[in-house]
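Next come the chains, spelled out residue by residue.
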Amino acid sequence: MRVLPILIVAVFALPQSPPLVPRPVLKLIVEHPALAPYLHAEAAGRVPLVVADHLLEPGVTPSRFGQPLRIVHDRDVGTQPHLRILSFEVDGSRAKAVVEYRVEGVQAVFNLRRDSKGWWTVVDAKLVEQGSRSRK
């Protein structure tokens, strides 16, 4: 009787990087009416709108208030007013983005849907005020 060697292959799951927010989704978020009352373009230091690059996909930078957003490395953003993506989850053609605008004490949850051509739309957005807002 002949014994044949058995090859055992172990597949290890490598940690996956979290999905990144596509720039078109960022555009939908910064232009959404739910967030607009908190952005205060008239306040000093709010234009251009600063966005931390945390969970943000590279690409073309959208504009707000007639100027391109200023994308800043997450560790360099400091205490300046900025929008930060806290999480982005994708499940097929649906996604959920949670963003924070700490200077105004708000967190927003955006539920999105991608159509068959790859275009994203906001299905709904909910804002939660988390603390005291800055003065205009």
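In this text, all values refer to a predicted model and were calculated from it rather than measured experimentally. (Residues numbered from 1 in each chain as written. Predicted model: local features only at pLDDT ≥ 70, side-chain atom pairs only at ≥ 80, totals over all residues. Heavy atoms only, no water.)

A. Seen up close, the nonpolar core. Ranked by internal contacts, the top residues of the largest apolar core, which has 25 residues, are Ile29, Leu83 and Leu112. If we skip the residues at most four places from it in the chain, Leu83 touches Ile29, Val30, Leu35, Val50, Val51, Ala52, Val99, Glu100 and Tyr101. (Core = buried A, V, L, I, M, F, W, Y, C linked by side-chain atoms within 4.5 Å. Buried < 20%, exposed > 50% of the residue type's maximum accessible area, 1.4 Å probe, protein only. Contact = heavy atoms within 4.5 Å.)

B. Up close: the pattern of salt bridges. Enumeration according to the criterion identifies 5 salt bridges in this entry. In this structure, the salt-bridge partner of Lys27 is Glu31, at a minimum N-O distance of 2.7 Å. On the criterion of helical spacing, the pair formed by Lys27 and Glu31 is a turn pair, its members being 4 residues apart in helix α1 (residues 23-31). The class of Lys27 is partly exposed, set by a relative accessible area of 37%. Residue classification places Glu31 among the partly exposed positions, given a relative accessible area of 37%. Glu104 is paired through a salt bridge with Arg46; the nearest N and O atoms lie 2.9 Å apart. In this pair, Glu104 sits in the loop between β6 (94-101) and β7 (106-114) while Arg46 sits in the loop between α2 (36-39) and β1 (50-52), placing the two residues 58 residues apart along the sequence. Overall, the relative accessible area of 4% leaves Arg46 in the buried class. (Salt bridge = Lys/Arg side-chain N within 4 Å of Asp/Glu carboxyl O. Helix = DSSP H or I, 4+ residues; strand = E, 2+ residues; numbered from the N terminus.)

C. Fine view of the pairing of strand β8 (residues 120-129). Judged from the 9 bridges that link them, β7 and β8 form a sheet pairing that is antiparallel. From the neighbouring strand, Asn111 faces β8, where its bridge partner is Asp124. Following β7, the chain reverses through 5 residues before pairing antiparallel with β8; Gly118 in that reversal takes a positive phi of roughly 95 degrees. (Pairing = 2+ DSSP bridges.)

D. How the structure looks around α1. For α1, the full list of buried residues reads Arg23, Val25, Leu26, Ile29 and Val30. The buried side chains of α1 occupy one side of the element, clustering within an arc of 150 degrees when seen end-on. (Arc of directions from axis to C-beta.)

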